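Structure assessment
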Amino acid sequence: MEYEYGLVENALDSLREALTYYHEGDADENAAQYKFSILLSAHCAELLIKEILRRNHPALLFEDIDRVKDIYNDDNQTVGYKTAIQRVKKLCGVDLRQYETYLDELGVVRNKIQHFKYSINGTYHKDLMARTFSAIEFLFRDILGLRFEDYEEIIDSADIEFLHEDVAANKARKADITKDFKEGRAAKFHFEYADGKFLEVSCPICGTECLSVDETIKCKFCGAEFADFTALHDEDNGCISSRNILREMGRRKHLFRSRVFECPECEYDAVIQLANGEWKCLVCGYGVTDSTYCDECGDELPNSDRIYSTAISDIDVDDYKFLCPSCAKRYREEEEFIGYEIS
């Protein structure tokens, strides 16, 4: 049986095997397995880099661009690892960020293993692999815009789940994502509830606080993507996101600009006023753009008849009040307000 691999498929085939060796490796007892994980993951990274070049122009795949007459000629010498990285930066305009350092270090170690005498230090090489896997995910997801789910015939989702559960790889990937947010290379999806104070939103799929926002909301850790916050809520089947946001709201309630109101959509006490003046349910995304005020207590509240109530006199239609939920409850329970219809 004959198999034909494109650059991406070939890369993922090597990644799958690299993960197998990484899983079998142990910093103290079986560090030799990291040797094969390094060689295979370097092959994966190189092919993904070449896929970036190919997408920009197929001729960039070859060492001597000026001599390439037929890009489909198997005799053409493909570009080397170091040069490919530089072309991705300088000719394709890709900001490789901290991942360039990881890829350079990987290339150096790979060459030493292939061409020189070399010894394996379990602790160092486990950390190197963790950084390498982070770089591979960056190239695959962020630059090429691909999804592992679309290549399940090559690499199983369990392999990626294992990678994200591995302590060293998990720590390295989250640190890189945090750095991207901190240095402004990705916009974090969160809610500003006061000037410079934010409530973080967890991904409903993996539970990390690694959500970025552009045209959509996307998790930089697991790759899950949502059209908007309502779509994110719809995917929160395990209540991971809602449970986390409610816990964080409870801790910061004393810092909110105004009271917290029950959402008419999801019925959680989760509607607050954000720093921009908008009212938003932080569980389901229900929103109200402006405010009104309770005629009884004076509190500011969302300008929505789904949240405030109206008390109208039975004998004078000009005698009416807008009431916050607390005052409406009191109107219903106290005798002095008999004679008013409360909607």
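Each remark here, short or long, concerns the structure printed above.
Residues numbered from 1 in each chain as written. Predicted model: local features only at pLDDT ≥ 70, side-chain atom pairs only at ≥ 80, totals over all residues. Heavy atoms only, no water.

**Focus on the layout of surface pockets**
To keep it simple, the criterion reads: Cavity and pocket criteria rest on a 1 Å grid covering protein atoms alone: a 1.4 Å probe that fits but cannot get out defines a cavity, protein on both sides within 12 Å along at least 5 of 7 lines defines an open pocket, and an atom within 4 Å of a point defines a lining residue. Grid points are joined across faces, edges and corners, and a volume is the space filled by probe spheres set on the points. Only DSSP runs of H or I covering at least 4 residues are called helices, and only runs of E covering at least 2 are called strands; the numbering of each starts at the N terminus. Gly is placed with the polar residues, together with every amino acid not listed as nonpolar (Ala, Val, Leu, Ile, Met, Phe, Trp, Tyr, Cys and Pro) or charged (Asp, Glu, Lys and Arg).
Reported here for the largest pocket is a volume of approximately 370 Å³. Contributing to the lining of the largest pocket are 17 residues, with Asp142, Ser212, Asp214, Lys218 and Lys220 lying nearest its centre. Those elements giving two or more residues to the lining of the largest pocket turn out to be helix H5 (122–143), strand E3 (211–213) and strand E4 (217–219). For the lining of the largest pocket, the element with the most residues is H5, which contributes three residues. Split by residue class, the lining of the largest pocket holds five nonpolar, three polar and nine charged. Considered as a void within the structure, the second largest pocket measures approximately 310 Å³ in volume. Lining the second largest pocket are 17 residues; nearest its centre among them are Ser157, Ile160, Glu161, His164 and Cys222. For the lining of the second largest pocket, the elements supplying multiple residues, two or more each, are helix H6 (157–165) and helix H7 (167–182).

**Things to note about the nonpolar core**
Rule in force here: By nonpolar core we mean a set of buried residues, namely Ala, Val, Leu, Ile, Met, Phe, Trp, Tyr and Cys, connected to one another through side-chain atoms within 4.5 Å. Remark: exposure states derive from per-residue accessible area (1.4 Å probe, protein chains only) relative to the maximum for the residue type, with buried under 20%, exposed over 50%, and partly exposed in between. The contact criterion used is simple: two residues touch if any of their non-hydrogen atoms lie within 4.5 Å.
In this structure, Leu12 and Leu15 are the most contacted members of the largest nonpolar core, which totals 54 residues. Elements that contribute at least two residues to this core include exactly helix H1 (7–24), helix H2 (33–56), helix H3 (81–90), helix H4 (99–115), H5, H6 and H7. Contacts of leucine 12, omitting those with residues within four sequence positions, involve Phe140, Phe148, Tyr151, Ile154 and Ile155. In this structure, Val201, Phe221, Ala311 and Cys324 belong to the second largest nonpolar core, which totals 48 residues.

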